[in-house]
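Per-entry structural report
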Amino acid sequence: MQRYPVDVSPFMAVPADPTSQDWANALALIGAGHAIVFAPSPLTPSIPAVSQSLGLVQMVARDVTGALDPDVEQLTYADVPEILALTALTKPGPFLDRTIELGNYYGLRAEGQLVAMAGERMRAPGWTEISAICTAPEHRGKGLSVRLIRTLVHHINDRGEQVFLHAVETNPAIGLYESLGFEVRRRLVGTSLSAPT
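First, a word on scope: everything that follows refers to the structure included in this document. Keep in mind that this is a model prediction, so the values were computed, not measured.

The rules behind each value
Residues numbered from 1 in each chain as written. Predicted model: local features only at pLDDT ≥ 70, side-chain atom pairs only at ≥ 80, totals over all residues. Heavy atoms only, no water. Helix = DSSP H or I, 4+ residues; strand = E, 2+ residues; numbered from the N terminus. Buried < 20%, exposed > 50% of the residue type's maximum accessible area, 1.4 Å probe, protein only. Arc of directions from axis to C-beta. Contact = heavy atoms within 4.5 Å. Core = buried A, V, L, I, M, F, W, Y, C linked by side-chain atoms within 4.5 Å. Axes fitted to C-alpha atoms, helices over the stretch in contact; angles between N-to-C directions. Parallel < 35°, antiparallel > 145°, perpendicular 65-115°, else oblique. Left-handed = near helix turned anticlockwise from the far one by under 90°. Nonpolar A, V, L, I, M, F, W, Y, C, P; charged D, E, K, R; others polar. Pairing = 2+ DSSP bridges. Phe/Tyr/Trp six-rings, centres within 6.5 Å; stacked < 30°, edge-to-face > 60°.

1. Concerning the environment of Ala13
Its location among the elements puts Ala13 in strand S2 (residues 12–13). Looking at Ala13, the relative accessible area reads 43%, which means it is partly exposed. Measuring from C-alpha to C-alpha, the distance between Ala13 and Tyr77 comes to 27 Å, with 64 residues separating the pair along the chain.

In structure tokens, the structure reads:
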């Protein structure tokens, strides 16, 4: 049973077929906060936790062309306040004070302001997930997310790794990802667990 530090990411891992003891261990790890677990089907925890489930798709980059972009900048800790403001506005998924530690994050600016970003999150041997793909509403439709995705694909492929991502199954951006060469690999359920207070 493992989870990321609470200020890095809310994700945690549980066994494929968790027992009552596994859920008790999960509750201890959750503490006073909450955690999110991905699984092929909804998990019914045998612990007194409030759970909420959300359908997801896992997509892999089968034929996505990576490309460097001279206007894309790598984001650092100094950019975290702007990152948190952008993710609060656009809600691409959980982004916390130390999420930037999970990998490389990149952004695009307009008049000095961060208006689009994307970065790296979960990893598996030979694979890196891209996440936090978001654009401020007034800058959508300009291809900023595509430029950031291509930048990430370039860097990840250059390391000899492959790219995957997760999206809520109702996210209209799935069509964009498919047009770039992503394919749905599997469907998952994200279950949010909150420890009782």
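Right, picking up where we left off after that structure.
2. Here we look at helix H4 (residues 173–180)
Taken residue by residue, H4 has Ala173, Ile174, Tyr177 and Leu180 as its buried positions. Taken around the axis of H4, the buried residues stretch over an arc of 120°, which confines them to a single face. Phi turns positive one or two residues past the end of H4, at Gly181, with a value near 115°.

3. Section: the environment of Arg147
By the element assignment, Arg147 lies in helix H3 (residues 144–158). What makes Arg147 partly exposed here is its relative accessible area of 27%. Taking the C-alpha atoms as reference, Arg147 lies 20 Å from Trp127; in sequence the two are 20 residues apart. Apart from the residues lying within four places of it in its own chain, the contact partners of Arg147 are Asp69, Asp71 and Leu108.

4. Some details on the nonpolar core
Inside soluble globular proteins, nonpolar side chains tend to come together where they are buried. Counting residues in hydrophobic clusters, the biggest one holds 39 residues, and the most contacted among them are Met117, Ile130, Ile149, Leu165, Tyr177 and Phe182. If you tally residues by element for this core, the top one is H3, at 7 residues. With residues up to four places along the chain from it excluded, the contact list for Ile149 reads Ile130, Ile133, Tyr177, Leu180 and Phe182. With 11 residues, the next largest nonpolar core counts Val14, Val37, Leu43 and Ala195 among its residues.

5. A short note on the packing of H3 against H4
Packing of H3 against H4 leaves a shortest axis separation of 12 Å and a crossing angle of 50°. Our classification of the angle between H3 and H4 gives oblique. Note on packing geometry: the crossing formed by H3 with H4 is right-handed. Within the contact between the two elements, H3 uses Val146, Ile149 and Arg150 and H4 uses Leu176, Tyr177 and Leu180. Of the residues assigned to the contact of H3 with H4, the class counts are 5 nonpolar, no polar and 1 charged.

6. Regarding the pairing of strand S6 (residues 105–110)
Of the strand pairs in this sheet, strand S5 (residues 73–74) and S6 are connected by 2 bridges, and their pairing is antiparallel. When the bridges of S6 are listed, Glu73 appears paired with Gly107. Of the pairings in the sheet, the one linking S6 to strand S7 (residues 113–124) comprises 6 bridges and is antiparallel in character. If you follow Leu108 over to S7, its bridge partner there is Ala116.

7. As for the packing of aromatic side chains
Each pair of aromatic rings is reported with the distance of its centres and the angle of its planes. Overall, the coordinates contain 4 aromatic pairs when judged by the stated rule. Centre to centre, the rings of Phe11 and Phe38 are 5.2 Å apart; their planes meet at 70°, and the pair counts as edge-to-face. Of this pair, Phe11 sits in the loop between strand S1 (2–3) and S2 while Phe38 sits in strand S3 (residues 34–39); the two residues are 27 residues apart in sequence, bridging distant segments of the chain. On the basis of relative accessible area, Phe38 is assigned to the partly exposed category, the value being 26%. Centroid distance Phe95 to Tyr105: 5.3 Å. Interplanar angle 85°. Geometry classified as edge-to-face. Taken together, the residues span a long stretch of sequence, with Phe95 in the loop between helix H2 (80–90) and S6 and Tyr105 in strand S6 at a distance of 10 residues. The class for Phe95 is buried, based on a relative accessible area of 10%.

Honestly, that's just the spatial picture; any functional story needs more than this.
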